[in-house]
Amino acid sequence: MSENEPYVVSSRMLTHRGALAMLAAAADHAAQLQVPQCIAIVDRSGEVMASLRMDGAKFLSLRSATAKARTAASTNAATGNLDMTIGLALGAATEGGMTPLPGGLPIRYEGEPLGGIGVGSGSGDQDRAVAEAALEAIGADLDI
C-alpha cells in the first residue's frame, strides 16, 4: 500500500465510444416507437458527452433531456420519483440544472456510477424506454 492510496482511487469511466453506442441505440428505439426524441448523455460530473435532437423532436426538449441526465448522474437514481413541489424547487435552486421529470436514468456498470442519460419529447414512459434501450446496448446495469 503506497502512502498516497488513501487519497487516490481508481474508477471506471464511460468512454466516448460507449456514449455514441448508447446514443445510436436510443435513437433506434425511438424510431421504432415512432417518437422523435432528444437524447443527452453525461459523464459522472454532468458534462455532456453526446446529445442528439432527432428530426421532429421538440427543440426545447434537448434542454430538459440534459437536465434529466444531469439529475440522474448527480443523484444516482432515476428521475420522475420526486414529489413535484420538491422537484420544482430543486429545479429553481439549480437554475434548471436538475428536474423532477421522468426520462432520466443513471448509467451504472456493476454498481459503479458512470453518468446519466436523459430523454425527452415523448411521454415519461416512452422517454424511459428509450433510455433503457441505451443502457442495454452497452451492458450497463438495468436494475434502476
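Residues numbered from 1 in each chain as written. Predicted model: local features only at pLDDT ≥ 70, side-chain atom pairs only at ≥ 80, totals over all residues. Heavy atoms only, no water.

## Some words on the overall build of the protein chain
Moving on, step 1. Summing up its helical and strand segments, the protein chain has four helices and four strands in all.
Moving on, step 2. Helices and strands appear in the protein chain in the N-to-C order α-β-β-α-α-β-β-α.
Moving on, step 3. Compactness check: the protein chain gives a C-alpha radius of gyration of 15 Å against a globular reference of 15 Å for 144 residues, within 12% of the reference.
Moving on, step 4. Along the longest, intermediate and shortest principal axes, the C-alpha atoms of the protein chain span 55 × 35 × 25 Å. (Helix = DSSP H or I, 4+ residues; strand = E, 2+ residues; numbered from the N terminus. Rg over C-alpha atoms; globule rule 2.2 N^0.38 Å.)

## Things to note about the sheet that holds strand β2 (residues 48–53)
Moving on, step 1. Here four strands make up an open sheet; going across it, the order is β2-β1-β4-β3 and the pairing antiparallel. Pairing within the sheet leaves two strands with one partner each, and these edge strands are β2 and β3 (104–109). Between one strand and the next, the sheet's axes are offset by a mean angle of 15°, whatever the strand orientation. (Pairing = 2+ DSSP bridges. Axes fitted to C-alpha atoms, helices over the stretch in contact; angles between N-to-C directions.)

## Notes on the environment of G118
Moving on, step 1. Position of G118 relative to the elements: it lies in strand β4 (residues 112–120).
Moving on, step 2. When its relative accessible area of 0% is taken as the criterion, G118 is described as buried.
Moving on, step 3. Residues G118 and R128 lie 10 residues apart in sequence; the distance between their C-alpha atoms is 8.4 Å. (Buried < 20%, exposed > 50% of the residue type's maximum accessible area, 1.4 Å probe, protein only.)

## Structural notes on helix α2 (residues 61–75)
Moving on, step 1. Between its terminal C-alpha atoms α2 stretches 21 Å, which fits the 21 Å expected from 15 residues at 1.5 Å a residue.
Moving on, step 2. The inward-facing, buried residues of α2 contact β1 (38–43), β2, β3, β4 and α4 (124–137).
Moving on, step 3. Just downstream of α2, N76 is the residue with a positive phi angle, here 55°. (Expected span 1.5 Å × (residues − 1). Contact = heavy atoms within 4.5 Å.)

## Focus on the nonpolar core
Soluble globular proteins: nonpolar side chains tend toward being buried together.
Moving on, step 1. Counting 22 residues, the largest nonpolar core has L14, M22, I39, I41, I107, I117 and L135 as its most contacted members.
Moving on, step 2. Mapped onto this core, the elements with two or more residues apiece are α1 (16–33), β1, β3, β4 and α4.
Moving on, step 3. For this core, the leading source of residues is α1, giving six residues.
Moving on, step 4. If near-sequence neighbours (up to four positions away) are discounted, L14 is found in contact with A19, M22, I41, M49, I107, L114 and I138.
Moving on, step 5. Among the nonpolar cores identified, the runner-up in size contains seven residues, and C38, V42, A65 and A73 belong to it. (Core = buried A, V, L, I, M, F, W, Y, C linked by side-chain atoms within 4.5 Å.)

## Section: the side chain of T71
Moving on, step 1. Its location among the elements puts T71 in helix α2.
Moving on, step 2. You can call T71 buried: its relative accessible area is 5%.
Moving on, step 3. Within the structure, the side chain of T71 is placed 2.7 Å from the backbone oxygen of A67, a separation counted as a polar contact. (Polar contact = N/O pair within 3.5 Å; in protein donor to acceptor, adjacent residues only side chain to side chain.)

## Thoughts on the pairing of β4
Regular strands have side chains that alternate between both faces of the sheet.
Moving on, step 1. In terms of residue burial, β4 counts as a mostly covered element, since seven of its nine residues are buried.
Moving on, step 2. Relative to β4, β1 is paired through six bridges, and the arrangement is antiparallel. The residue of β4 that forms the bridge with V42 is G116.
Moving on, step 3. As paired strands, β3 and β4 are joined by six bridges and run antiparallel to one another. Considered in β4, the bridge of R108 is made with P113.
Moving on, step 4. What sits between β3 and β4 in their antiparallel hairpin is a turn of two residues, with E110 showing a positive phi close to 50°.

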